[in-house]
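Given next are the chains, with one letter for each unit.
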Amino acid sequence: MKILVTAKVVVDPEVQPKVLSGKRVTKGLRRIVDVVDDTNVQALIEGLPNANIFVVNISSIEDKVSLARLVALGAKEMIHFSCADECIARLDCLAKAKLLKNLVITRGFNLVALGIQSSDTSSAQLGPMLAGLLNWPCICGVKAIKRMDDGNFVVKCAIKNVLVDINVSSPCVLTCDLRVKAPRLVTVVDLIKAKRKLINTIPVLESNYSLKPQIEIIEDIISPSPRLGKVFTNFSDAWEIVTRWLRKNKWL
Amino acid sequence: MGNCYTLVEEKQMALKFSKVLVLPEFDKGILTNDSRLVLGLAAEKSTTVDVLAINCDLPTALSIGVSKVYVFASGSPTNVRAACVGISILLSALSGRYDAIFVGSASVYHNALCRSAGVLNKVVITNVFEIINDELFVKSIAGGRINQQVKNLAGYPCLLSINTSLLKVEPFRSSKEAVTLQLLEFSSISSAKFSIASCVKRAKTGYQGCPSLSEASVVVAGGGGFKSSKLFDKYLVTFARLINAAVGATRAAVEAGIAPPECQIGQTGATISPKIYITFAVSGSSQHMAGVRGASLIIAVNWDIRAPIIRQADFALVADMYNVLPQLINAFTPPEPDDGIV
């Protein structure tokens, strides 16, 4: 069983975003593997010990450093599609889905697990889009995955107010928000072992993929805060001001 | 020259879609509030609005009040994910007739639209909360901290996923127009590649009998600082019950087993738009705050003045929640009834 798991590298969500002359600045800001993807990789390695877990990432060459942790967690191989920053800006979700589709077909993966959505763009479209391109079934919002004796899987996901267990046979695309008992810390020994493992860097060549973007970014602006921003250190002061405000606005 | 530009700009601003298809969601035969907002936006930005109603009975379809309703039954509501293939094929087939297709970002049909986008060789413009004209949109990124204006270069149909928590439109009101119904049958599509093994319906109400997160006008949420589910129930749930609020939690609290998964708010949990959102021991990470951007008023209690929530709340109290919560519980506890004994 060959499972491909995606791992995005994003600007640390705890870092305040920067915009300069109407364009978002990401250079020089701390970048990390998306928390949901990091947990998915760990959960799949722990939960499916007999499967071969391959991790794929599409980002700039500098992001390779952030990916070492995933290999150290026990992934069999890291496939890193690297490209220049200006090329990344032109790689929209469709281009990424096509890149992944080619990889899935050429390397013969049975199952693709993606994050439920990026903490950066929150677009949540790559999984179903890839499934559409591959003509595979897709299940979104998977919370848990279990392999059965017959080789099939049972996945648990929440659909509105219903918890559903779904029998899945491969090939299939899953978008996951898996859980682990405790986040695993990577030791120095893990990192040394990981050094011997393969990080397969594949440059994304513009000539090989149609990088004609379908969306042009016109302007980025920091979202104006609609909040009042009043801070108190004393309960009675806070109580008085908040209740007065609620009464004034006829909320009480 | 300046006047020419103004005229061109005004003309551009006035450009509307001529035909839009909306995929609304229904809850027990009633249009959800999110879907009313998406329909409201479509009615504002398009001359004609049609609807693809999935798992919807005919009286409900007739009551929506748009000119044309396609009705498609995919079986029981839990089969919607299984029927995603069928819905996406329908969308691909119908897309040629429309300038744009709208779904809510939190809707189950978002995935069907993304799937058909792959087939149509198009990108879905996600998290849109403002439509400037038929090719310029404003979307929210970086957990709602950046507003990005984007231009669609791919022509019609535009595939838009709408972030309803940030929308500033009036919810759609049914009109008395004559409605054309078209029933769509798709019996040939098999989604037998997976089957439902078991299905557990959650309680209609929220955690511990409190109102559900999606419907409550007041939500009280706790973070990992509660340390245990016992303390969470003792303080936070008691307070929530007293003020008839829904109970929410951060991802950290859910992962630590302090609160159940259905309470999780944020990017990977529920997106809510209550009138008042009160937090205790919530740090205010961008992933969590992305789920509460639509809250009208945020009140935060956190002992750490450096916690991001202090800057992102309307009213923030820097204090120990174990001192604050008992005072709040006391303040809202109704007085003991007088038993009449002197």
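Report follows, based on the coordinates. (Residues numbered from 1 in each chain as written. Chains lettered and ligands numbered in written order. Predicted model: local features only at pLDDT ≥ 70, side-chain atom pairs only at ≥ 80, totals over all residues. Heavy atoms only, no water.)

1. Some points on the overall build of chain A
The following threshold applies: In this description a helix means any DSSP run of H or I spanning at least four residues, a strand means any run of E spanning at least two, and both kinds are numbered starting from the N terminus. Accessibility here uses a 1.4 Å probe with only protein chains present; expressed as a share of the type maximum, an area under 20% marks a residue as buried, one over 50% as exposed, and anything in between as partly exposed. Residue contacts are counted whenever heavy atoms from the two residues lie within 4.5 Å of one another. The charged-residue count follows a simple rule in which Lys and Arg add positive charge and Asp and Glu add negative charge, with His and chain termini not counted at all. Charge coordinates come from a single atom per side chain, which is NZ of Lys, CZ of Arg, CG of Asp or CD of Glu.
Counting secondary structure elements, chain A contains 7 helices and 15 strands. Dimensions of chain A, computed from the C-alpha atoms along their principal axes, are close to 65 × 45 × 40 Å. Residues counted as buried form 49% of the 252 residues belonging to chain A. Contacts spanning at least 24 positions in sequence make up 70% of the contacts within chain A whose residues lie at least 6 apart. If you average the places of the 35 positive and of the 24 negative side-chain charges in chain A, the two averages end up 2 Å apart.

2. With respect to the pairing of strand S17 (residues 315-318) of chain B
Residues and elements named next belong to chain B. As a reminder, the rule being used: One requirement defines pairing of two strands: DSSP has to find at least two bridges between them.
Burial of the side chains of S17 extends over both faces: Phe 315 and Leu 317 are buried on one face and Ala 316 and Val 318 on the other. Bridge count between strand S16 (residues 297-302) and S17: 4 bridges; the pairing is parallel. Along S17, the bridge assignment pairs Ile 299 with Phe 315.

3. Topic: helix H2 (residues 33-45) of chain B
The criterion, for reference: Helix span, as expected, comes to 1.5 Å for every residue beyond the first.
Spanning 13 residues, H2(B) covers 19 Å between terminal C-alpha atoms, matching the ideal 18 Å at 1.5 Å per step. Along H2(B), the positions that sit buried rather than exposed are B:Ser35, B:Leu37, B:Val38, B:Leu39, B:Gly40, B:Leu41 and B:Ala42.

4. Remarks on the sheet that holds strand S15 (residues 276-280) of chain B
For the record, the criterion: Axes here refer to lines fitted to C-alpha atoms; in helices the fit is confined to the stretch in contact. Angles between the N-to-C directions go from 0 to 180 degrees.
One open sheet holds the 6 strands; their spatial order is S15(A)-S17(B)-S16(B)-S15(B)-S13(B)-S14(B), and the pairing between them is parallel. Only two strands of the sheet have a single neighbouring strand rather than two, namely strand S15 (230-232) of chain A together with strand S14 (246-249) of chain B. Across the sheet, the mean angle from the axis of one strand to that of its neighbour is 20°, orientation sign disregarded. In terms of strand pairing, S15(B) meets S16(B) through 5 bridges, oriented parallel. In the strand pairing of S16(B), B:Ile276 is matched with B:Leu297.

5. Topic: the environment of B:Ala100
All names here are of chain B. Checked against the element boundaries, Ala 100 lands in strand S6 (residues 100-104). Residues Ala 100 and Glu 336, 236 residues apart in the sequence, show an inter-C-alpha distance of 59 Å. Those residues in contact with Ala 100 that sit more than four places away from it in its chain are Phe 17, Lys 19, Val 20, Leu 21, Pro 157 and Cys 158.

6. Observations concerning the pairing of strand S5 (residues 68-72) of chain B
All names here are of chain B. Definition in use: Consider the strands pointing away from the viewer: the crossover is right-handed when the path from the first strand over the helix to the second runs clockwise.
With 4 of 5 residues buried, S5 is to be regarded as a mostly interior element. Pairing of strand S4 (residues 46-54) with S5, which is carried by 5 bridges, proceeds in the parallel orientation. Bridging across to S5, Ile 54 finds its partner in Phe 72. Taking the sense of rotation as the criterion, the β-α-β connection linking S4, helix H3 (residues 58-63) and S5 turns out right-handed. Where S5 meets strand S11 (residues 180-184), 5 bridges bridge the pair, whose relative direction is parallel. In the strand pairing of S11, Val 69 is matched with Leu 181.

7. Describing the packing of helix H5 (residues 126-134) of chain A against helix H5 (residues 110-120) of chain B
Operational definition: Oblique is the label for any angle not under 35 degrees, not over 145, and not in the 65 to 115 range, which are roughly parallel, roughly antiparallel and roughly perpendicular in turn. Handedness of a crossing is defined here by the sense of rotation of the near helix relative to the far one, left-handed for an anticlockwise turn of less than a right angle and right-handed for a clockwise turn. Nonpolar residues are Ala, Val, Leu, Ile, Met, Phe, Trp, Tyr, Cys and Pro. Charged residues are Asp, Glu, Lys and Arg, and all others, Gly as well, are polar.
Contact geometry for H5(A) and H5(B): axes closest at 7 Å, N-to-C directions at 45°. Relative to H5(B), H5(A) is oriented oblique. Considering only the axes of H5(A) and H5(B), their crossing is right-handed. For the pair H5(A) and H5(B), the contacting residues are A:Pro128, A:Met129, A:Ala131, A:Gly132 and A:Leu133 in the first and B:Asn111, B:Cys114, B:Arg115, B:Ala117, B:Gly118 and B:Val119 in the second. Classifying every residue of the contact of H5(A) with H5(B) by side-chain character gives 7 nonpolar, 3 polar and 1 charged.

8. Side note on the packing of aromatic side chains
Test applied: By convention, a stacked pair of Phe, Tyr or Trp rings (six-membered ring in the case of Trp) has centres within 6.5 Å and planes under 30 degrees apart, an edge-to-face pair has planes over 60 apart, and any other such pair is tilted. Charge-over-ring contacts are defined here by two conditions on Lys NZ or Arg CZ: a distance within 6 Å of the ring centre and an angle within 35 degrees of the ring normal.
In the structure shown here, the tally under the stated rule is 14 aromatic pairs over all chains. Each ring, one from A:Trp239 and one from B:Phe332, has its centre 5.8 Å from the other, and the planes form 70°; the classification is edge-to-face. In this pair, A:Trp239 sits in helix H7 (residues 235-248) while B:Phe332 sits in helix H10 (residues 321-332), so the two residues belong to two different chains. For the pair B:Tyr207 and B:Phe232, a centre-to-centre distance of 6.3 Å together with 50° between the ring planes defines the contact as tilted. Residue B:Tyr207 is found in the loop between strand S12 (194-201) and strand S13 (218-222), and its partner B:Phe232 is found in helix H6 (residues 229-242); the two are separated by 25 residues along the sequence. Exposure class is identical for B:Tyr207 and B:Phe232. Each is buried. Members of the aromatic cluster, connected to one another through ring pairs, are A:Phe235, A:Trp239, B:Phe239, B:Phe280 and B:Phe332. Above the plane of the ring of A:Phe54 lies A:Lys2, whose end atom (NZ or CZ) is 5.5 Å from the centre.

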